[in-house]
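Coordinate inspection notes
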Amino acid sequence: MVVTFKVTDGTQGDWAVLHVSGELDLVTSPTLRQRVHDVVADGRHRLVLDLSGVYFCDSSGVGVLIAARRLLRSCQGRLRLVLPAQGAVEGSHVNRVFGALGVRRLFDVHPDLDTAVAAEESSPLSA
């Protein structure tokens, strides 16, 4: 079986959206890191990472998400994650990884894209 990692661009309202699918790991995480940097370099500081298509995430993937959060905060931007309870597979692996590492509380997490872009401003914990 060939596993395809894909990041596609989009926008919804005044939010830039990166739809991520496949495995977010040591091999693929640099691609996501670069795409986030490209969004910020383009002057877009409101970003939604749609992780609903990610079915595996290791610590390097989590590291990229934390770095993305830090980058956007440094330019007074906003980062929101789409992370449904039932992700690409039954019982999202990303949710389990976030829970095990205790990092979910650091992110502004939403169950779907519409909710993410429509939500009022909130402030996840600082770190």
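Note: the structure precedes this text.
Procedures and definitions
- Residues numbered from 1 in each chain as written.
- Predicted model: local features only at pLDDT ≥ 70, side-chain atom pairs only at ≥ 80, totals over all residues.
- Heavy atoms only, no water.
- Pairing = 2+ DSSP bridges.
- Helix = DSSP H or I, 4+ residues; strand = E, 2+ residues; numbered from the N terminus.
- Axes fitted to C-alpha atoms, helices over the stretch in contact; angles between N-to-C directions.
- Contact = heavy atoms within 4.5 Å.
- Core = buried A, V, L, I, M, F, W, Y, C linked by side-chain atoms within 4.5 Å.
- Buried < 20%, exposed > 50% of the residue type's maximum accessible area, 1.4 Å probe, protein only.

Quick word on the sheet that holds strand β2 (residues 15-24)
The strand order across the open sheet built from 5 strands is β1-β2-β3-β4-β5, with neighbouring strands paired in mixed fashion. Pairing within the sheet leaves two strands with one partner each, and these edge strands are β1 (6-12) and β5 (108-110). Geometrically, the sheet is characterised by an average inter-axis angle of 25° between neighbouring strands, direction not taken into account. Here 5 bridges tie strand β3 (residues 46-57) to strand β4 (residues 78-82), and the two strands are oriented parallel to one another. Across the sheet, the residue bridging to Asp50 is Val82, located in β4. Against the sheet, helix α3 (residues 93-101) makes contact with β3 and β4, and its axis sits at roughly 100° relative to β3, the strand it touches most.

Some points on the nonpolar core
Leu32, Leu47, Leu49, Leu51, Phe98 and Phe107 are the most contacted members of the largest nonpolar core, which has 30 residues in total. Counting only elements with at least two residues in this core, the list comes to β2, α1 (29-41), β3, α2 (59-74), β4 and α3. Leaving out residues up to four positions away in the same chain, Leu49 has contacts with Leu18, Leu32, Val36, Leu65, Leu79, Arg80, Leu81 and Val82. Counting residues in hydrophobic clusters, the runner-up holds 7 residues, among them Trp15, Val17, Leu113 and Ala116.

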